[in-house]
Structure formats: structure tokens, C-alpha cells
Amino acid sequence: MMQQKYIRNFSIIAHIDHGKSTLADRMMQMCNLIDDRTFHECMLDDMDLEQERGITIKSHPVRMNHIAEDGISYEMNLIDTPGHVDFAYEVSRSLAACEGAVLLIDAAQGVQAQTVANVNLAMKQNLAIIPVINKIDLPSADIDLCLEQLEDILMLPAEDAVLVSAKENTGVPELLEAIVKQIPPPPQTDGTETKAIIFDSVYNPYRGVISYVRIFSGSLEKNSSIQLYSTGLKTELKEVGQFAPDMKEGKTLYPGTVGYIIPNLKSPKDTKIGDTVTDAIRPCSVALPGFEEIKPMVFSSLYPIDTNDYNTLKLSVSKLQLNDAAFSYQMETSIALGFGFRCGFLGLLHMEIIQERLRREFNMDIIATYPSVVYNVYLKNGTLEKIDNPAHLPDPANIDYIEEPYIEANIMLPNKGIGSVMNLIMEKRGECTKTENMDRNHIVLTAEIPLLEVMIDFHDKLKSITSGYGSMDYAPLDYRRSKLVKLDILVNGDPVDAFSTIVHHEHTRLRGKILVDRLKDIIPPQMFKIAIQASVGSSVIARSTVRALRKDVTSKCYGGDITRKRKLLEKQKAGKKRMKQVGKVNIPQEAFIEVLKCTE
Ligand code: GTP
């Protein structure tokens, strides 16, 4: 058993792309955890999508052994964390399992919005923080500026900073030494009660639920009986172990350490992230502080393109959810699209990732509807309805007023971009509440903006007007009353529910016009004229027309050749399969996708 004083539990926190995964790889190589033969880049990012996009989605703990300068072998438990704003929740969960954090700053980019957000999370949990300036090999590295920023923005002593190039492998031994010296070992607990926190869970089709745990006191052993505190559910542990870097079975998980357990549970829903695992015979009296429940911020519906695929889609989303507690779904039906699911996501990136995984890992052909936030709709009869789907918005005649969610954004940017970013905030119905100088070249803007507006393209626009140097972080703020209306699209007089969106009343005309014009080009001419209208309530605010096909397609066949005629008709039939019939009109699937792309 490793003595607690020789254990170090830490995370690496950073803004996206500052080099967390690369540094984790170097540490693992240095601790001889992986040899050069089996090494592939970003070992901890094991989903295909993570490797491809170069982003970390899931946290994944790994145990390394490091022989320090004092000749002692230390157990180092590294918990990798994702950097994108959508996954701040995962970061805080991982930090709850640690005593320290390595704060990574890209020497060429300096402190970014996510750096500040992550430092705040680490400070809230009283973790020891070791600042690291990474990528010092880059010609554009400005180490002095980074050290200045450390003191001025993050209030961390610059002399503590370790200078590293994860790429060229410089500074990594010094960093491992700093971890041993500066990050405290897990605190000794007096009690012998068994207490471990589940900070993440994954579902493996062969092995069942695998929960990642940090033991605070007592121990967890293979075949022992455990109890899950929140539900009182009792079960046995089929297996316990640690990641090195793959799962390695052990006998016991001792206090202070990080590892995995495989409880004998039928349903993955029985394990709750944030729950305390304790001994079934001598359960603890008080649970460990858990985590806040996460609420999805963005909703969108997913429908199979081919209605026959509904059951496969159902199976696929349920499987996905097992590995992603933040993703929620509920069955729903749409007049235009048939049976599908209303899904909740942490943010847009999360939404894109889930859709992409459904397409790739599960081979699903899906249509996703325009993303929506959750509105508070106050009715004239005094009741409140929470609406996340424009199609469910009550009759406007019954609505007293609507509130929409606002976020507070912290935007960091070079001084010269301030004018254009202020304009962008205004254009998105936001308000800048504070400006602060960060250092000689950078400024932080604090702004309050409707989530709806931030969701779609705010980040892309911020990046483009600041030539990639602006970064942002946001947190939910409150709900505010806004003049919002439902914009419907009617095709040949029939409203297509999947095209409906909730928009600010000042944006209705512009958005309506863009949508009807776009649809006019996508919906193919049919035997009759098709009117496409955008309407708010009963008033039509924009319209366009798809002209009728003048000639019968088969007239080309000069009457006689029956096989040619049949072939043509068959071709037409095949074409129709990829269409959705709405009333008398066939709408191609691209139309649904195009509507999603209309952002203005
Ligand atoms: P997320 O997982 O998405 O948060 O990103 P990350 O922080 O894990 O970054 P990652 O390790 O994927 O590195 C981002 C990019 O920076 C990659 O292209 C790396 O090759 C590069 N990089 C990492 N460390 C160094 C370094 O020390 N020097 C240089 N020049 N490039 C580096």
C-alpha cells in the first residue's frame, strides 16, 4: 500500500489548445508508463473524435510512478480535463478529486478567457496551483509578458512558474519535481469510514458501468459490498483498479488514491456522478459534498431521415447518454419530421459532438432542428411554462410575457479590437458592463448578452474580428423579459413545425426574408406553384414562390418507349425518398439543414 504522503493527485487546466494533452503524454513517457512503440499522440484522448479534432471531451485519470530527487517513488494521479467552455462542469468535477492543479499557459498566446475561468475553479476548491508557461520553443513566445500576466491577472507569483516545451520535452522533469514539492499529499483522515466520490462514469457494453473514484477515507476492495449513499443501493464490486494508462485490475483502492470501480449494477442510471460510495456494512454517516446538478442550456430535436430508423436512433441516443450524463433526451413527434427526440446539451460544441458521434459511431442519418434555449413563458392566467421547443410555444393570445436566459461573458482581446467587439455585443442585443485593462496590450470586457445570440455564431465572429486573438468564457446570469415572437414558415399554406424559431421581434423581418429566399432555391419545382411564407401569428412578413414545373417529365420520352418512361419514373421515386412530404409538397432533407445554417 502506498503511503498517503507519497501520493499526488492533480489536474492540468488550460485554455483550449494550450497543450494539455501533449504535456500529459510527455509526463507519461517520462514516468515510463508508455514506451515509444505504443505511443501515439494524445494518449488520453481515446475517442476518435477527440483525436481528430484535437480536443479533449472526457476526463480520463491516469496513474504514474515518478522517482523524485529524494529517491522516493511517488504515485502521481493525473486527471486530464477538457478546456472548452461547454465542459467547465467536467473540469470542476475532476478538480474535486485533486489537491493541486498544473496551470498551463501558451507562451505565444498568454492568459486567455478559459485560463482565468479555470484558475477561479481551482481556487474555489483551495487547490495548490503550479503555473507552467508552455510552448517556449515557439519563436513568437513572449515569456516576459506571460509572467507579467500571471502576477497582474491571476495573482500568482511569477517566480513559481515552470518553463516548459511539451513538444521538445524541456522543463518536464522540473515540473514533475515541482508537483512533488508544491502539491500537498491527500490529507490524512481520522475516521475509518469508507468514503469515495464518483467523479465520472462510463458505460462499457461488455463490462457495464465503470465509475472513476477518488478515495477520501477507508478503502474499496474487489468483491466487497458497497452502498451508494444517495440511493441507498447496495451491491458488490466486480473489479477495482487504476489506469496505467489502460485499465489495470488491482485488489484494493487505498485512501487518497484515484482509480476505477466496476459495481455489479444492472442499469447505468443507478450510479450518480457526485455520489459517495461507502461500505455496505458500515456506511458513513455524512456524504462527501457532491456536485451541482447540471442543466442543459441548449435544446435541439433529432430525427431520423428515414422514419424506419427511429428504433435504431432510439437505441443509439440511449447508448450515448450512458457515457455522457450531461446529454438528455426525450421522445417527441413533429408533424413534418415524424418521430424523434428532443435533446438537451451543455452548449453548441456539445451539440455538434453528439450529432457527429451519432452520424459516425452509430451510422445514423439524422436531421437536427435549429437550436433553442429554455424560455420562461408567463401566461395571462398566471402560470409559468418552461419552453425549449418553439413548436410548443402557447398561443400568443394567452401569453403575458416571455423571459429569455442571459449570460455574463468575459471577453479578452487585444486593445485595438475593442471598437468592433463592442459593436458585435450591441448587434447581439448585449450590453457591455465593464472594461478592465489586463496588461499593456489586452483588455477584458464584461458583457451581458442573451444566450440565444451567443449560441449561434458569436464565438466565430469574435474570433474573426480579433484575428483569432479574442477569447471568451461565459456563465449563466439570469432571465430577462424580452420581446420574443415565434416565426413560422408555411409551405403551401401548411406550417412546417421543424422550421419554426423563436426570434427577437426586431429580427423577424430580416430572418423571415432570408429563410423564405433560401427555401425557394432549395425546394425543387413541382407540378404546381408553391408559396413559401414567413409569418408571425397571422401576419405574413415575407414570402417567395417556387414556380410550377411546366412540362410533364415523361413528355421527353416521345410517347413510345415504355422502358425509358419507367426508368424515369423510378428515378423520380428514388429522388422522393430523400424528401419529406409536407401536405402536398416534397421538401428535400437539405432544406432542413439549410434552415439551420441561416444565422442572420
Ligand atoms: P484540448 O484538449 O482541446 O483542450 O487541447 P490541449 O490543451 O490538450 O492541446 P494539445 O495538447 O492538443 O495541443 C495543442 C497544439 O499545441 C498541438 O498542435 C500541439 O502539437 C501543440 N503544442 C503542444 N505543446 C507544444 C509545445 O511545447 N510547443 C509547440 N510548438 N507546440 C506545442
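The preceding data block contains the structure.
All values derive from a computational prediction rather than experimental measurement.

**Digging into the packing of aromatic side chains**
Within the structure shown, the criterion is met by 10 aromatic pairs. Ring geometry for tyrosine 310 and phenylalanine 341: centres 5.3 Å apart, planes at 10°, overall stacked. Here tyrosine 310, found in helix H7 (residues 310-322), pairs with phenylalanine 341, found in strand E18 (residues 338-345); they are 31 residues apart in sequence, far enough to count as distant. Its relative accessible area of 14% is what places tyrosine 310 among the buried residues. On the basis of relative accessible area, phenylalanine 341 is assigned to the buried category, the value being 2%. One aromatic cluster is present, formed by Tyr310, Phe327, Tyr329, Phe339, Phe341 and Phe345 through successive ring pairs. The ring of phenylalanine 216 has arginine 214 sitting right over it, with the charged end atom 4.4 Å from the ring centre. The ring centre of tyrosine 479 lies 5.1 Å from the NZ or CZ of lysine 386, which sits over that ring.

**Focus: the sheet that holds strand E16 (residues 298-304)**
Strands sit in the order E17-E18-E16-E19 across an open sheet of four strands; the sheet is antiparallel. Two strands close off the open sheet at either side, each with one partner strand: strand E17 (328-334) and strand E19 (366-368). Pairs of neighbouring strands in the sheet enclose a mean axial angle of 30°, with direction left out of account. Strand contacts of H7: E16, E17, E18 and E19, with the helix running at about 15° to E18, the strand carrying the most contacts.

**Observations regarding the nonpolar core**
Nonpolar side chains tend toward joint burial in soluble globular proteins. Residues Leu358 and Ile411 are the most contacted members of the largest nonpolar core, which totals 49 residues. Ranked by the residues each element gives to this core, the list is headed by helix H10 (residues 451-465), at seven residues. Apart from residues no more than four positions distant in its own chain, isoleucine 411 is found in contact with Val421, Ile425, Ile443, Val444, Leu445, Phe458, Leu462, Ser471 and Met472.

**Structural notes on helix H8 (residues 348-360)**
With 13 residues, H8 should cover 18 Å at 1.5 Å per step; its first-to-last C-alpha distance of 18 Å lies within 8% of that length. Within H8, the full set of buried residues consists of Leu348, Leu349, His350, Met351, Ile353, Ile354, Gln355, Arg357 and Leu358.

**Remarks on the pairing of strand E14 (residues 258-263)**
Burial of E14 is extensive: six of the six residues sit out of reach of the surface. Burial of E14 is two-sided: the residues Val258, Tyr260 and Ile262 facing one way and the residues Gly259, Ile261 and Pro263 facing the other way are all buried. By the bridge criterion, four bridges tie strand E8 (residues 208-217) to E14 in an arrangement that is antiparallel. Bridging across to E14, valine 213 finds its partner in glycine 259. Bridge analysis of strand E11 (residues 234-243) against E14 gives four bridges, and the strand direction is antiparallel. Looking at the pairing, glutamate 239 lines up with isoleucine 262 of E14.

**Quick word on the packing of helix H9 (residues 418-427) against H10**
At their nearest, the axes of H9 and H10 sit 10 Å apart, and the two run at 160° to each other. Classified by the interaxial angle, the pair formed by H9 and H10 is roughly antiparallel. The element H9 and its partner H10 pack so that their crossing is right-handed. Residue-level contacts link Ser420, Val421, Leu424, Ile425 and Glu427 of H9 to Phe458, Lys461, Leu462 and Ile465 of H10. Considered class by class, the residues forming the contact of H9 with H10 number six nonpolar, one polar and two charged.

**Focus: the environment of threonine 307**
Summarising the element assignment, threonine 307 is placed in the loop between E16 and H7. Sequence-wise, threonine 307 and phenylalanine 339 are 32 residues apart; in three dimensions their C-alpha atoms are separated by 7.2 Å.

**Notes on the side chain of glutamate 75**
When you line up the elements, glutamate 75 lands in strand E3 (residues 73-80). Judged by relative accessible area, which is 2%, glutamate 75 ranks as buried. Side chain to side chain, glutamate 75 and asparagine 77 meet in a polar contact 2.8 Å long. Side-chain polar atoms of glutamate 75 contact the side chain of threonine 257, separated by 2.4 Å.

**Observations concerning the pattern of salt bridges**
Under the definition given, this model contains 17 salt bridges. Of the charged contacts, one joins arginine 480 and aspartate 478 as a salt bridge, the two residues approaching to 3.1 Å between their closest N and O atoms. What makes arginine 480 partly exposed here is its relative accessible area of 23%. Take aspartate 478: its relative accessible area is 32%, and that puts it in the partly exposed class. Taking the shortest distance from any N to any O, the salt bridge between aspartate 517 and lysine 513 comes out at 2.7 Å. Residue aspartate 517 and its partner lysine 513 are located together in helix H11 (residues 508-522), separated by four residues, close to a single helical turn.

About the thresholds
- Residue indices begin from 1 for each chain and proceed along its sequence in written order.
- Local features in this predicted model are restricted to residues of pLDDT 70 or higher, and side-chain atom pairs are both shown and tallied only at a pLDDT of 80 or more, whereas totals for entire chains, interfaces and linings draw on every residue.
- Neither water nor hydrogens contribute to the side-chain values; these are computed over all heavy atoms in the structure.
- Stacked, edge-to-face and tilted are the three classes for Phe, Tyr and Trp ring pairs, Trp counted by its six-membered ring, which pair at centre distances within 6.5 Å; planes under 30 degrees apart are stacked, over 60 edge-to-face, the rest tilted.
- Comment: elements are numbered from the N terminus, with helices defined as DSSP H or I runs of at least four residues and strands as E runs of at least two.
- The classification of residues rests on relative accessible area computed with a 1.4 Å probe and restricted to protein chains. Under 20% of the type maximum is buried, over 50% is exposed, and intermediate values are partly exposed.
- Definition used: whenever NZ (Lys) or CZ (Arg) falls within 6 Å of the ring centre and also within 35 degrees of the ring normal, the charge is taken to sit over that ring.
- Pairs of strands are assigned from DSSP output, requiring at least two bridges between the strands.
- Axis angles are defined between N-to-C directions and span 0 to 180 degrees, where every axis is a line fitted to C-alpha atoms and, for a helix, only to the segment in contact.
- In what follows, a contact means two residues having at least one pair of non-hydrogen atoms within 4.5 Å.
- Throughout this description, the term nonpolar core refers to a set of buried Ala, Val, Leu, Ile, Met, Phe, Trp, Tyr and Cys residues connected via side-chain atoms within 4.5 Å.
- In this analysis, the expected span of each helix is defined as 1.5 Å times one less than the number of residues it contains.
- Relative orientations are named as follows: roughly parallel for angles under 35 degrees, roughly antiparallel for angles over 145 degrees, roughly perpendicular for angles from 65 to 115 degrees, and oblique for any other angle.
- With the far helix as reference, a near helix turned anticlockwise by less than a right angle produces a left-handed crossing, and one turned clockwise produces a right-handed crossing.
- Residues are grouped as follows: Ala, Val, Leu, Ile, Met, Phe, Trp, Tyr, Cys and Pro are nonpolar; Asp, Glu, Lys and Arg are charged; all remaining types, including Gly, are polar.
- In the analysis that follows, any N or O atom pair within 3.5 Å is treated as a polar contact, provided that within protein one partner can donate a hydrogen and the other can accept it, and provided that, for residues neighboring in sequence, both atoms belong to side chains.
- Basic side-chain nitrogens of Lys or Arg form a salt bridge, by our definition, when they fall within 4 Å of a carboxyl oxygen of Asp or Glu.

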